[in-house]
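Fold and contact review
Here is what each chain is made of, one letter per residue.
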Amino acid sequence: MAAPQIPHLLSLRGGHGRGRGRGRGGHRFGHHESEEDAAAAKDHVVQATDGDASGSRLSAVELGYMDDPFARAFHYEQDSPRRYPIINRGTYVRTAALDHLVTRFLSAFPSQPKQIISLGAGSDTRWFRLVLADPSLAHRLVYHELDFSTNTSKKIAAMQNRPFVWKVFKDSLPEGVLEKISENGTRLESPSLNVHPVDLRDLAREGIPASEIPTSLPRLPNLDPDVPTLLLSECCLCYVSPEITVSILRTFTTSLIPRRTPLALALYEPIHPHDPFGRVMLRNLATRGIDLPTISTFSSRRLQKSRLEDAGFEGGQGAADVGWIWSKWVEETERERVGQCEGGLDEVEEWDLLAGHYCVAWGWRDGDGGEEESVFWRAWGELDGQEDEVE
Amino acid sequence: MSDLDKAIALLRACRLIPENQVRELCYKARELLIEEGNVVGVDAPVTICGDIHGQFHDLMELFRVGGDVPDTNYLFMGDFVDRGFYSLESFLLLLCLKVRYPDRITLIRGNHESRQITTVYGFYDECLRKYGSANVWRYCCEVFDYLALGALVSGAATNLEPTSATLADTFVDTDDSQSSTPATDYADIDIEVLNANNEILSRYRRRDRDPLMSSSPVRGGMSGSNGAPRAAGAAGTGATADSGGSASNDGGAVLCVHGGLSPLIDTIDKIRLLDRKQEVPHEGAMCDLLWSDPDEIDGWGLSPRGAGFLFGADIVKCFNHRNDLSLIARAHQLVMEGFKEMFDATIVTVWSAPNYCYRCGNVAAILELAEDGSNAGFARSNGDAGRSRGLPMPMPMPMPGIGPGGLQGQGQGQGQGQGGGGLIPRQMDIGHRMAPGRRYRVFEAAPQDSRGMPAKKPVADYFL
Ligand SMILES: [Mn+2]
């Protein structure tokens, strides 16, 4: 059946407190137990959206929409969910769109070292797919995945439990270099792939009470402040407040990756919350305990682009919704192939609605080199984006 | 109380009937349907409904808004199953009603009434889940094969009959010279839109129609309660053929079909000649009738659905003229306002699944056609009513792939463009049948827990 698993709140409730209070001790005044519990439950629901994404990916892969030898390994449930064609097509487009942006980044000045930071990466398979396709990439690309520790530990365990996955990882390491895995299994460090257990909110400096700002930033070993860096956020930054999102990005654009270094952000988020489809979407997600706090602030392609510019990605910005990407970026032969995966798509009007409510947006800054040598200008400067909405 | 009445009572409460009763019901239904022609003759008054898609609670709301069976005559244009969580309850109830009141309810086939499609879109899984085997799915699929491909409604009144309905707060009258009071004279009104509370939302007068302003289609009004957009600014739109002179006062028939037209079908008689008792083929006339969509193109185009075709205003006007039709009513496409008239009101899409898939935020509509006063009494004939309607006037049908529309449609917008028609030669308007008076009732999704029926809260899929 195509209906996704509903995260069962009680079964998801572990012994953890809300992420940002964890390990910092002390009684926190003004926080009733019930509030803590509610916040923890909300976190768990957000963490569980990763299972939704991996299930959708597995469904699309098993039905032939796309190729991903790692989809089964990183879907932690035993089930084989089957999504409706419309969802499978959306999964395909979302993956293809971000792959497109990533590939163009990696093939601009291809020998130059590069870095990718995937926010809320969860069970994402992108690094494995990239390195399987081109093993030499591992020597010039440092990859970081950030997520809640509940998600990073599952990921690292899944890597270790699947010999062919583990081999892809081990083969990516230079001769004689060993990976480091923390004792509790939540952190992986290596010259190629790093998996960091981080509550992204701990990277925020604004938008939270002063007493809750940690004195130091979470540790991100092997983060290189000097190589061109691409930040990825696939349905991740939309789960915190707009202030915190802005603040998290500011930490990246100013502290972690200094201004001299080229830096870009590619994100994938829902938009258009105010039309009938958007209102029902918010209501339906709310009944699953999922809030989208940023959606009314960054509610359109236009506002997503200006949000990127405001965040310091002044080199250029682009945005397009999933429907537009399907018809403009995906080649016709590929559209025909995908269209026939399940014998045609009868959800045409619904596709237009759904696909119009998710957007991919990208923006970059050139760093000290300026436009001439800018890797992002070369990667994305000529890339076609969709026109702004008529508002 | 007969077994059939007991089954109806159970199903109305959203409870299933035992497997052996389903088998018996499907057998009886087949015996009944086999007697129907490919195009069922139906006399007005009749209420025309679009896709249901297993949204059982909304089907109950439809009956509340439109009147119960057998008090109201219904014509359902297919897509009873798939997508929603209660395809079985919805389809079996409609089938029971068909067997119980064969002259009061007409069911025609949608593209989802097919073995292949139901295995992809949920009905097969639902049968397995609720009956533990595929038997019931098989019985239902055998019924699907016998469903008619279309219906021809005759005897519809060209003018609306007055109702006792009051005006909604949001009432839009398209005639500026009139104050917003209920019309006592309905002579010139050919469209009236009502909400689920029997309040008039808007009204369109035939004489207001300015063909030059026909660039936006008439769309459903919305009750303001959910803040949905209303049919504002739609005045003078969706012009029908000139009412002055050229149009006949005698309303032509209304062809009802799930999808639309086929390049292989230029007369209704050709539909009658098809061998329909089979699984929906992947191509050909029968497939097209269930899969095609009207679109703002000239001629024929490729369908983004991968089956059927897109067809333009010229195709519809030509077909209607040739077959002496005033209107084609079809379903198949989600329209946010529940209904959408296109091509100078020569074709209308009716969509009856509100908040489709518990996700789309749309309202639903049904279309009521009243009985023409001159048509005495209610009668309904199985089979070939109206056979002689086709005019012997040859008119070449443009073929797919020819003309600028040939390649349009792939990944194209909402397929909900403007209802223009400016490219249609003027002479095409001559001799148009006057469209029947159309009373649309729009309604929203029923709350799932109303009426004490079991309701599992369905979960809609999103990208997370
Ligand atoms: Mn359909």
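Since the model is a prediction, treat every value here as computed from it, not as a measurement.

This brings us to the overall build of chain B. A count of helical and extended segments in chain B gives 10 helices and 17 strands. A buried classification covers 62% of the 464 residues belonging to chain B. Partitioning the contacts of chain B with sequence separation of at least 6, the portion at a separation of at least 24 is 78%.

From N to C terminus, chain A includes 13 helices and 9 strands. A principal-axis box enclosing the C-alpha atoms of chain A has dimensions of 60 × 50 × 45 Å. Going through the 391 residues of chain A one by one, you find that 59% of them count as buried. Long-range pairs, those at least 24 residues apart, make up 79% of the contacts in chain A with a sequence separation of at least 6. A total accessible area of about 16000 Å² is found for chain A, and carbon and sulfur atoms account for 50% of it.

With that settled, consider the nonpolar core. Counting residues in each nonpolar core, the largest one holds 125 residues, and the members touching the most others are A:Leu230, A:Trp362 and A:Trp380. Membership of the second largest hydrophobic core comes to 54 residues, among which are B:Ile8, B:Ile17, B:Leu95 and B:Cys96.

Along the polypeptide, A:Arg89 turns up in helix α3 (residues 85-106). Despite being buried, A:Arg89 has no salt bridge partner; A:Asp352 is the closest side chain of opposite charge, sitting 7.3 Å away.

Attention now goes to the confidence of the model for chain A. With 91% of its residues at a pLDDT of at least 70, chain A reaches an overall mean of 88. Every residue in residues 1-31 of chain A scores below 50 in pLDDT, and together they form 57 contacts with partners more than four places removed in sequence or on other chains.

What follows is about the environment of A:Ala97. On the secondary structure map, A:Ala97 appears in helix α3. For A:Ala97, the contacting residues outside a window of four places in its chain are A:Ile325, A:Trp329 and A:Val360.

All names here are of chain A. Per the UniProt annotation, the sites labelled "binding site: S-adenosyl-L-methionine" (unreviewed entry) are Arg94, Gly120, Asp199, Leu200 and Glu234. Spanning 141 residues, the named residues do not form one spatial group; their C-alpha atoms are separated by as much as 24.2 Å. Counting through the fold element by element, Gly120 comes out in the loop between β1 (114-119) and α4 (126-133). For Gly120, a relative accessible area of 26% puts it in the partly exposed group. Not counting the four nearest positions on each side in its chain, Gly120 is found in contact with Leu146, Asp147, Leu200 and Cys236. Relative to the assigned elements, Glu234 resides in strand β6 (residues 229-234). For Glu234, a relative accessible area of 17% corresponds to the buried category. In this structure the side chain of Glu234 is engaged in a polar contact, spanning 3.0 Å, whose partner is the side chain of Arg126.

What follows is about the sheet that holds strand β5 (residues 150-154) of chain B. All names here are of chain B. Strand order in the open sheet made by the 6 strands is β1-β5-β9-β13-β15-β14, with mixed pairing throughout. At either end of the open sheet lies a strand with only one pairing partner, and these are β1 (39-43) and β14 (339-342). Between one strand and the next, the sheet's axes are offset by a mean angle of 20°, whatever the strand orientation. Bridge count between strand β9 (residues 253-257) and strand β13 (residues 325-330): 5 bridges; the pairing is parallel. Within β13, the position partnered with Val254 by the bridge is Leu327. Each of β9, β13 and β15 (347-350) touches helix α10 (residues 313-322); the most contacted strand, β13, lies at about 125° to it.

Contacts between the two partners involve 40 residues from chain B and, on the opposite side, 44 residues from chain A. Three residues, B:Tyr462, B:Phe463 and B:Leu464, lead the burial of chain B against chain A; their summed loss comes to 28% of the area buried on that side. Put simply, chain B and chain A have 5 salt bridges between them. Here B:Arg83 and A:Glu347 are joined by a salt bridge, their closest N and O atoms 3.2 Å apart. There are 14 residue pairs in polar contact (both at pLDDT 80 or more) connecting chain B and chain A. Secondary-structure elements contributing two or more residues to the side of chain B that touches chain A are α5 (115-121) and α6 (123-131) of chain B. A per-element tally of the side of chain B that touches chain A places α5(B) first, with 4 residues. Class assignment of the residues belonging to the side of chain B that touches chain A gives a composition of 18 nonpolar, 16 polar and 6 charged.

Turning our eyes to something else, we now look at the UniProt feature "domain: Serine/threonine specific protein phosphatases" (unreviewed entry) in chain B. Those residues carrying the UniProt feature "domain: Serine/threonine specific protein phosphatases" (unreviewed entry) are residues 108-113 of chain B in this numbering. Secondary structure content for residues 108-113 of chain B is 0% helix and 0% strand, while the C-alpha to C-alpha distance between its ends is 9 Å.

With that settled, consider the state of the cysteines. Summed over the entire model, instances satisfying the criterion amount to 0 disulfides over all chains. You can see B:Cys287 has no disulfide; the closest cysteine sulfur is in B:Cys141, sitting 17 Å from it.

To continue, consider the sheet that holds strand β11 (residues 300-302) of chain B. All names here are of chain B. Read from one edge to the other, the open sheet built from 3 strands follows the order β10-β12-β11, with strand pairing classed as mixed. At either margin of the open sheet sits one strand with a lone partner, and together these are β10 (293-294) and β11. Across 3 bridges, β11 lies against strand β12 (residues 309-311) in antiparallel orientation. Within the sheet, the bridge partner assigned to Trp300 lies in β12 and is Phe311.

Next up on the list: helix α7 (residues 242-256) of chain A. For α7(A), which comprises 15 residues, the first-to-last C-alpha distance of 20 Å matches the rise-based estimate of 21 Å (1.5 Å per residue) to within 8%. Listing the buried residues of α7(A) in full gives A:Pro242, A:Ile244, A:Thr245, A:Ser247, A:Ile248, A:Leu249, A:Thr251, A:Phe252, A:Thr253 and A:Leu256.

A word on unusual backbone geometry. A cis geometry characterises the amide bond from B:Ala44 onward to B:Pro45, with omega recorded as 5°. Following B:Val69, the chain continues into B:Pro70 via a peptide bond in cis, with omega recorded as 10°. Of note, B:Pro70 is situated in the loop between α3 (56-66) and β3 (74-76). Phi is positive for A:Phe109, which is not a glycine, with a value near 45°.

Tallying each qualifying case throughout the model produces 29 aromatic pairs over all chains. Aromatic pair A:Trp364 and A:Trp380: ring centres 6.1 Å apart, planes at 75°, arrangement edge-to-face. Taken together, the residues span a long stretch of sequence, with A:Trp364 in strand β9 (residues 358-365) and A:Trp380 in helix α13 (residues 375-380) at a distance of 16 residues. A:Trp380 sits in the buried class, given a relative accessible area of 1%. A ring pair is formed by B:Phe123 and B:Phe144, whose centres lie 6.1 Å apart and whose planes are at 45°; its orientation type is tilted. A residue pair is termed long-range when its members are at least 10 positions apart, and B:Phe123 in helix α6 and B:Phe144 in helix α7 (residues 135-144) qualify at 21 residues. The class for B:Phe144 is buried, based on a relative accessible area of 1%. One aromatic cluster in this structure is built from A:Phe70, A:Phe74, A:Trp127, A:Phe128, A:Phe164, A:Trp166 and A:Phe169. When the ring centre of A:Phe74 is taken as origin, the NZ or CZ atom of A:Lys155, which lies over that ring, is 5.0 Å away. Here A:Arg307 stacks its cationic end above the ring of A:Phe298, 4.0 Å away from the centre of that ring.

Rules behind the numbers
Residue numbering note: each chain is counted from 1, following its sequence as written. Labels are handed out in written order, letters beginning with A for the chains and numbers beginning with 1 for the ligands. Local features in a predicted model are, by the rule used here, given only for residues with pLDDT of at least 70; side-chain atom pairs are given and counted only at 80 or more, and totals for whole chains, interfaces and linings are based on all residues. Heavy atoms throughout the structure, all of them, feed into the side-chain values; hydrogens and water do not. Here a strand is any run of E in DSSP of at least two residues, a helix any run of H or I of at least four, and the numbering for each starts at the N terminus. Think of it in three bands: with a 1.4 Å probe and only protein chains considered, a residue is buried below 20% of the maximum accessible area for its type, exposed above 50%, and partly exposed in between. Any two residues whose heavy atoms approach within 4.5 Å are treated as being in contact. Shrake-Rupley sampling with a 1.4 Å probe provides the accessible areas, and residues are treated as covered by the protein chains on show and by no other component. We call a set of buried residues a nonpolar core when its members are Ala, Val, Leu, Ile, Met, Phe, Trp, Tyr or Cys and they connect through side-chain atoms within 4.5 Å of each other. All tallies of charge rest on Lys and Arg as positive and Asp and Glu as negative; His and the ends of each chain are not included. Salt bridges are identified by distance alone: a Lys or Arg side-chain nitrogen within 4 Å of an Asp or Glu carboxyl oxygen. The score called pLDDT rates the predictor's confidence residue by residue, from a low of 0 to a high of 100. UniProt positions are given in the numbering used here, feature names are shortened, and annotations may be inferred rather than shown by experiment. Polar contacts, as counted here, are pairs of nitrogen or oxygen atoms within 3.5 Å of one another; within protein the pair requires one atom able to donate a hydrogen and one able to accept it, and residues that are adjacent in sequence qualify only if both atoms are side-chain atoms. Strand pairing is defined by DSSP finding a minimum of two bridges between the two strands. Axes, fitted as lines to C-alpha atoms, cover a helix only where it is in contact. Angles between the N-to-C directions of the axes lie from 0 to 180 degrees. What gets called buried area is simply the loss in accessible area from a 1.4 Å probe that two parts show on being joined, summed for both. Any residue outside Ala, Val, Leu, Ile, Met, Phe, Trp, Tyr, Cys, Pro, Asp, Glu, Lys and Arg is labelled polar, Gly included; the first ten of those are nonpolar and the last four are charged. Here, the term disulfide refers to a pair of cysteine sulfur atoms separated by no more than 2.5 Å. Here a helix's expected span is defined as the number of its residues, less one, multiplied by 1.5 Å. For Phe, Tyr and Trp, where Trp contributes only its six-membered ring, two rings pair if their centres lie within 6.5 Å, and the inter-plane angle classes them as stacked under 30 degrees, edge-to-face over 60, or tilted in between. A ring is scored as having a charge over it whenever the NZ atom of a lysine or the CZ atom of an arginine sits within 6 Å of its centre and within 35 degrees of its normal.

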